[in-house]
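Coordinate inspection notes
Residues per chain are reported as follows:
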Amino acid sequence: MAYHDFEKINDIPIADVCKKLDIKLEKERRAKCFMHDDRHPSLTIYKATNSWFCYTCNKGGGVIDLVKDYFHYDTDKASKWLEVEFNISPKPTGWKWKKVKSPKITTDKESGKIEVDSEILEWIIANTTLTPLAHKFLDEERKIKKEVYERLNIRSLDDARIIEQLKNQFDIKRLLENHIISEGKYGYILTWNTPCLLFPFYDSNGKLVNIQSRYLKPIIGKYPPRFRFIKDSKTSLYNVSALNSIAYGDAVLVTEGVTDALAALSAGIKTVVAVAGVSAFKEEYVDMLCDYTIFICPDNDKPGKNLLKDIKEKMGKRLGVVKEIQLADGSKDIGDYFAAHEELRFG
């Protein structure tokens, strides 16, 4: 191997190397990893140690390692690249390099799930409103503040008559492929059981990616399910766009379900996101949340405790800060407490 001035090479700022490689940093420390199919930034740089690490790939190192993994170079070639690009050694005649990255490894654990057509979802939200039954639940039973449910574009359906409007607006095949409707013995069936609330789920860029329903009548046995997403669709955190306006280390309350999130927001808690079910905390959520201080108030039951354990284990692998809090009076969940007191107290 040729001689290299490793002292000078290792002093090259890691952020400058990222910029040279066109690795775009968010908040000056996080980036989507170039080694796998990264939806949310999982590569972190550490300026204090001039290093980097991807917790999904479980790989990292210094500036030389970054160039080696980016180009699949050996140490000699990676060192030479850094010396030339950062003027430590003269640029050889005809020096050229291409930004050729290694093939990304697909890590999507929801492979096989559909990405629902956002145009259809947007049309549904734009052409529905809140019915008296929905207002009774939100205003009277749950005490949710009007500004909260209006800001989050919550809607409702009393029956399935919207199917006819959907058929007039969109091609039947398109509706079926997106599982908005399905074919039944006596005609088309809407994906959500009615009467129900409709909770729109947006991604961090404001794109509508799913709608979850909440059934508004008493349930006999196990059917229909209280909450339902579009069949075979990809899910996400609720209210994830709230993370766009906070800083590293800020507090985020994670709730078990949307209605608890609505209660917490109505109580004045600034940043709240919801996990859509006790078994729905996915690895990709760790990428979204590990920069913040996470507070969890699990439901006071076995599934709630299991969710808390799952979140702590997954966040702990990324050194995420997770703190458990309890309701002051032992209520089952945040929604029940807020409905009874119109405030939240933890103890």
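Here is a short report on the structure shown in this document. On a predicted model such as this, the values are computed, not experimentally measured, just so you know.

Conventions used here
- All residue numbers refer to position in the chain's written sequence, counted from 1.
- Restriction of local features to residues with pLDDT of at least 70 applies here, the model being predicted, together with a cutoff of 80 or more for giving and counting side-chain atom pairs; totals for whole chains, interfaces and linings are based on all residues.
- To obtain the side-chain values, all non-hydrogen atoms of the structure were included, while hydrogens and water were left out.
- To get an axis, fit a line to the C-alpha atoms, keeping to the stretch in contact for a helix; angles then go from 0 to 180 degrees between the N-to-C directions.
- A run of H or I in DSSP counts as a helix once it spans at least four residues, and a run of E counts as a strand once it spans at least two, with each numbered from the N terminus.
- Oblique is the label for any angle not under 35 degrees, not over 145, and not in the 65 to 115 range, which are roughly parallel, roughly antiparallel and roughly perpendicular in turn.
- Handedness of a crossing follows from how the near helix is turned relative to the far one, being left-handed for an anticlockwise turn of less than a right angle and right-handed for a clockwise one.
- In what follows, a contact means two residues having at least one pair of non-hydrogen atoms within 4.5 Å.
- Two strands are counted as paired when DSSP detects at least two bridges linking them.
- Buried, partly exposed and exposed residues are distinguished by accessible area as a fraction of the type maximum, computed with a 1.4 Å probe on protein chains only: under 20%, between the cut-offs, and over 50%, respectively.

1. Considering the packing of helix α5 (residues 118-126) against helix α8 (residues 162-169)
Where α5 contacts α8, the axes come no closer than 12 Å and their chain directions differ by 135 degrees. When the interaxial angle is binned, α5 and α8 end up oblique. Crossing angle aside, the handedness with which α5 passes α8 is right-handed. Mapping the contact onto sequence places I120, W123 and I124 in α5 and I162, Q165, L166 and Q169 in α8.

2. Here's the deal with the sheet that holds strand β9 (residues 208-215)
Spatially, the 4 strands line up as an open sheet ordered β5-β8-β9-β10, and their pairing is antiparallel. Each edge of the open sheet carries a strand with a single partner, namely β5 (155-157) and β10 (227-228). As defined by bridge partners, β5 adjoins strand β8 (residues 196-202) across 3 bridges and the pair is classed as antiparallel. Residue S156 lies in a different strand from β8, and its bridge partner there is L197. Of the strands in this sheet, β8, β9 and β10 are in contact with helix α10 (residues 258-266), which crosses β8 at around 80 degrees.

3. Brief notes about the environment of D329
Relative to the assigned elements, D329 resides in the loop between β14 (321-324) and α13 (334-341). A relative accessible area of 44% means that D329 is categorised as partly exposed. Sequence-distant contacts of D329, defined by excluding residues within four places in its chain, comprise Y337 and H341.

From the geometry alone we can't say anything about function, so treat these as descriptive.
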